[in-house]
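Take a look at the letters that make up each chain.
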Amino acid sequence: MENINFIQIFLIILYGFWINYEKNSTMFGTYQPVTCGFVVGLILGDIRTGLMVGGTLQLMSLGISNFGGASVPDYQTATIVATYITIITGQKPEVGITIGIPVALFMVQLDIFRNTLGVILVNKAEKYANNKQYNKIELMQYIGILLTCATTGIPVLLAVLFGPELVNRILLITPEWLMKGLAVAGGLLPAVGIGLLLRYLPVKKYISYLLIGFALSVYMKVPMLGIAIVGIAISIILYKRSIELENTNVNTVIGGNEDE
């Protein structure tokens, strides 16, 4: 187990309480799984593992949103828990990723519980509004904020305090064949995430660019950062061409009107 001090523990727990508030309020983007992995990895001194866990769970979360107030898997909290346990117990990122999936699914139930309590707070606030008890309306708002923070903060708190020891005990009695299976499953999850993403993208329209990226990655062994730079360059070129085409069409229409 890695040596960890009180400040690191405090920062991770504080971050766990922050992300759900940030997700539902300020929305600066610090609640994204890849960011969560980076932050926890930075705190624990292992950014590489944090990015691997966070990036993979980010792929799993693409295309998922809580439209209409629906509860969805919380890959943000899952990333914090998975990254922390992976680094502390010295496991491979693949194992940590498989730990994160059930955490994300479990958080759905907590989100439903939070929303249920939120309805109660809203009903009370409406009664206070009818009675012109405005101070109590403000109190309901503060309780709602604390409830939102606690929804993710308490699971992270419990994982930080009790998770590593529990996971280590489980790992000691887990057979080697199961550990290898978990590693294989964790390695497959990025492909599943990309597959889910491709279902929402206009792949048929832009199949040529997909093939270019595939060729650069598989046959030319270009790193992902290099492929991303190529993709950004192509996007800029296409954007400039669309602007030029739009301006040309506008000038043509204006010129035609003047001739008339």
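Residues numbered from 1 in each chain as written. Predicted model: local features only at pLDDT ≥ 70, side-chain atom pairs only at ≥ 80, totals over all residues. Heavy atoms only, no water.

Student: Lay out the overall build of the protein chain in plain terms, naming residues and giving numbers.
Tutor: In terms of regular secondary structure, the protein chain is built from nine helices and zero strands. Walking the protein chain from its N terminus toward its C terminus, one meets helices and strands in the order α-α-α-α-α-α-α-α-α. Considering the protein chain as a whole, with its 260 residues, one finds that 31% of them fall into the buried category. In the protein chain, 72% of the contacts between residues at least 6 apart in sequence involve partners at least 24 apart. On the protein chain, roughly 16400 Å² of surface is accessible, and the fraction owed to carbon and sulfur atoms is 68%. (Helix = DSSP H or I, 4+ residues; strand = E, 2+ residues; numbered from the N terminus. Buried < 20%, exposed > 50% of the residue type's maximum accessible area, 1.4 Å probe, protein only. Contact = heavy atoms within 4.5 Å. Areas by Shrake-Rupley, 256 points an atom, 1.4 Å probe, with all protein chains shown as cover.)

Student: Break down helix α1 (residues 6-24) for me, citing the residues and quoting the values.
Tutor: Think of an α-helix as turning once every 3.6 residues; residues three or four places apart then point the same way. With 19 residues, α1 should cover 27 Å at 1.5 Å per step; its first-to-last C-alpha distance of 28 Å lies within 8% of that length. Maximal helix bending in α1 amounts to about 25°, located at Trp18. Taken together, the buried positions of α1 are Gln8, Ile12, Ile13, Tyr15, Gly16, Ile19, Asn20 and Glu22. The opening residue of α1, the one whose side-chain oxygen lies 3.2 Å from the backbone nitrogen of Ile7, is Asn5. (Expected span 1.5 Å × (residues − 1). Bend = angle between axes of the 7 residues up to and from the residue. Polar contact = N/O pair within 3.5 Å; in protein donor to acceptor, adjacent residues only side chain to side chain.)

Student: So, the packing of helix α2 (residues 33-44) against helix α4 (residues 75-89): which residues are in play, and what are the values?
Tutor: In contact at an axis separation of 8 Å, α2 and α4 are set at 30° when each is read in the N-to-C sense. Taken together, the axes of α2 and α4 are roughly parallel relative to one another. Relative to α4, the crossing made by α2 is right-handed. Facing Pro33, Cys36, Gly37, Val40, Gly41 and Leu44 of α2, the residues of α4 in contact are Tyr75, Gln76, Thr79, Ile80, Thr83, Tyr84, Ile87 and Ile88. In the contact of α2 with α4, the residues fall into nine nonpolar, five polar and no charged. (Axes fitted to C-alpha atoms, helices over the stretch in contact; angles between N-to-C directions. Parallel < 35°, antiparallel > 145°, perpendicular 65-115°, else oblique. Left-handed = near helix turned anticlockwise from the far one by under 90°. Nonpolar A, V, L, I, M, F, W, Y, C, P; charged D, E, K, R; others polar.)

Student: Any chance you could break down the packing of aromatic side chains for me, citing the residues and the numbers?
Tutor: This structure, assessed with the given rule, holds three aromatic pairs. A ring pair is formed by Phe6 and Phe10, whose centres lie 6.3 Å apart and whose planes are at 25°; its orientation type is stacked. In this pair, Phe6 and Phe10 both sit in helix α1, four residues apart, roughly one turn of the helix. Phe6 sits in the exposed class, given a relative accessible area of 64%. Seen from their ring centres, Phe214 and Tyr219 are 6.2 Å apart, and the 80° between their planes marks the pair as edge-to-face. The class for Tyr219 is exposed, based on a relative accessible area of 64%. (Phe/Tyr/Trp six-rings, centres within 6.5 Å; stacked < 30°, edge-to-face > 60°.)

Student: Could you give an account of the side chain of Glu22, with specific residues and numbers?
Tutor: Relative to the elements of secondary structure, Glu22 occurs in helix α1. Nearest to the buried, unbridged Glu22 among oppositely charged side chains is Lys23, at 10 Å. A polar contact of 2.7 Å, which involves the side chain of Glu22, links it to the side chain of Thr30. Sequence-distant contacts of Glu22, that is, excluding residues within four places in its chain, are made with Met27, Phe28, Gly29, Thr30 and Tyr31. (Lys, Arg positive; Asp, Glu negative; His and termini not counted. Salt bridge = Lys/Arg side-chain N within 4 Å of Asp/Glu carboxyl O.)

Student: So what's going on with the packing of helix α3 (residues 47-61) against α4? Residues and values would help.
Tutor: Packing of α3 against α4 brings their axes to within 9 Å, and their N-to-C directions diverge by 150°. Judged by the inter-axis angle, α3 sits roughly antiparallel to α4. Both α3 and α4 take part in a crossing whose hand is right-handed. Between α3 and α4, the contacting residues are Thr49, Gly50, Val53, Gly54, Leu57, Met60 and Ser61 on the first element and Tyr75, Ala78, Thr79, Ala82, Thr83, Thr86 and Ile87 on the second. Across the contact of α3 with α4, the residue classes break down as seven nonpolar, seven polar and no charged.

Student: Could you give an account of the environment of Arg114, with specific residues and numbers?
Tutor: Locating Arg114 in the fold gives a position in helix α5 (residues 93-130). Residue contacts for Arg114: discarding those within four places in its chain leaves Asn20, Asn24, Leu147, Thr148 and Thr151.

Student: So what about the nonpolar core? Which residues, and what values?
Tutor: Within the largest apolar cluster, 29 residues are counted, with the highest numbers of intra-cluster contacts made by Ile12, Val40, Leu44, Leu57, Ile80 and Tyr84. Residue assignment for this core shows that the elements contributing at least two residues are α1, α2, α3, α4, α5 and α6 (134-173). Once you skip the residues sitting within four places of it in the chain, Val40 turns out to touch Ile12, Tyr15, Ile80, Thr83 and Tyr84. (Core = buried A, V, L, I, M, F, W, Y, C linked by side-chain atoms within 4.5 Å.)

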